[in-house]
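Okay, here's what each chain looks like letter by letter:
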Amino acid sequence: MKYDYLIVGSGLYGAVFAHEAKKAGKSVLVIDKRPNIAGNVYTEEIEGINVHKYGAHIFHTNNKEVWDYVTKFAEFNRFTNSPVANYKGELYSLPFNMYTFNKMWGVVTPEEAAAKIEEQRKEITGEPKNLEEQAISLVGRDIYEKLIKGYTEKQWGRDCKELPAFIIKRLPVRLTFDNNYFNALYQGIPIGGYIQMVANMLDGIEIRLGVDYFDNKAEFDAMAEKVVYTGPIDAYFNFSLGTLEYRSVRFENEILDQPNFQGNAAVNYTDRETPWTRIIEHKWFEFGKDKNGSDLPKTVISREYSSEWKPGDDPYYPVNDERNGVLYAEYKKLAEKEKNIIFGGRLGEYKYYDMDAVIAAALTKAKEELQ
């Protein structure tokens, strides 16, 4: 059988495009080299807890069209992201707000907090030359040293003085006691986990899992009029121009025989000495309850370690520096010459995408394609 669309990858971009194509009456085949659908938003139930296998995914958007779209496939709870920072055992509220400033300096009023930040920002004169100077020019030395420096260096595997200033264009500073991390109108976690949401998007669509597109590329290409490819763009062209760089993340999961490990979904470890960047306690994404609303006796935690990507690892974040930007632009030129291939998603477009932006991009592309 010849399909209208072959979709390589069942993450959010692939699943949304597949759903829209099927709705438009097209025949669709979805393949994925992983043994499961949903890409990096995949959740797996362990001890009654929906565990985010590839890192915490908290849905947040100000785009009403996207919110109305995702809520067709899942009911969302009212989870609000309020992470805690642990610096050598001192706990601070994130994002930087009045709780943070009170703990850091003992200030009580917004005026005192603003004056303290202003006084410390003066250390940097002229245009910031690197991430360290950029951060100090935004929030001052104390917050930089305790809450930004170590975390950022672990995340990027480089000293803050070696990182470009543009990585931190702005740092949210709130002179209020609001510790809702995402300033988004719509926010939450799908009840039943993301796996159920993506399964609902792919309902009625043929899916083949554990299948690597590159093992039989010519054969797969011949099976469809068009291919929607959501894998790494450099891999598609067999790395002919060189390899794009990514950061990868490694997770150490532990099931603990206790009801509460850290009292919060996310705790960031902001000192350089602690090897992990953060610990996620998955049960708090759904308020510590199972699907029947009962308290869960155990807990599952994931320690996250950031690392340089090497072939065989899962790529997570594009390294959007100048060298990689130039190389991606060359790959994009090659991609534009391909007749019946659509490159989409975080890896296909070498772009750091939030979930709502991926969905919006897939919907826009589907509209163009399917009208």
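This write-up is about the structure you can find in this document. (Residues numbered from 1 in each chain as written. Predicted model: local features only at pLDDT ≥ 70, side-chain atom pairs only at ≥ 80, totals over all residues. Heavy atoms only, no water.)

### Quick word on the packing of helix α3 (residues 98-105) against helix α6 (residues 141-156)
Item 1. Their axes nearest at 11 Å, the elements α3 and α6 cross at an angle of 100°. By the angle between their directions, the pair α3 and α6 is classed as roughly perpendicular. Contact with α3, carried on its side by Thr 100, Phe 101, Met 104 and Trp 105, involves Asp 142, Ile 143, Lys 146 and Leu 147 of α6 and no other residues of that element.
Item 2. Within the contact of α3 with α6, the residues separate by chemical class into 5 nonpolar, 1 polar and 2 charged. (Axes fitted to C-alpha atoms, helices over the stretch in contact; angles between N-to-C directions. Helix = DSSP H or I, 4+ residues; strand = E, 2+ residues; numbered from the N terminus. Parallel < 35°, antiparallel > 145°, perpendicular 65-115°, else oblique. Contact = heavy atoms within 4.5 Å. Nonpolar A, V, L, I, M, F, W, Y, C, P; charged D, E, K, R; others polar.)

### Here we look at unusual backbone geometry
Item 1. Between Leu 94 and the following residue, Pro 95, the backbone shows a cis peptide bond with an omega angle of -5°.
Item 2. Among the secondary structure elements, Pro 95 is positioned in the loop between β7 (90-93) and α3.
Item 3. At Phe 287, a residue that is not glycine, the phi angle is positive and equals roughly 60°.

### What to know about the pairing of strand β12 (residues 266-269)
Item 1. Side-chain alternation along β12 places Ala 266 and Asn 268 on one buried face and Val 267 and Tyr 269 on a second face that is also buried.
Item 2. Inspection of the sheet shows strand β6 (residues 84-87) paired to β12 by 3 bridges, in the parallel sense. Among the inter-strand pairings, Asn 86 is bridged to a residue of β12, identified as Tyr 269. (Buried < 20%, exposed > 50% of the residue type's maximum accessible area, 1.4 Å probe, protein only. Pairing = 2+ DSSP bridges.)

### Overview of the sheet that holds β7
Item 1. Spatially, 7 strands are ordered β7-β6-β12-β13-β14-β11-β15 in an open sheet, and the strand pairing comes out mixed. What marks the edges here is a single partner per strand, and that holds for β7 and β15 (317-318).
Item 2. Sheet analysis places β12 next to strand β13 (residues 278-281), joined by 3 bridges and oriented antiparallel. Each bridged residue has a counterpart across the sheet, and for Val 267 the counterpart in β13 is Ile 279.

Read these as layout, nothing more, since geometry by itself doesn't imply function.
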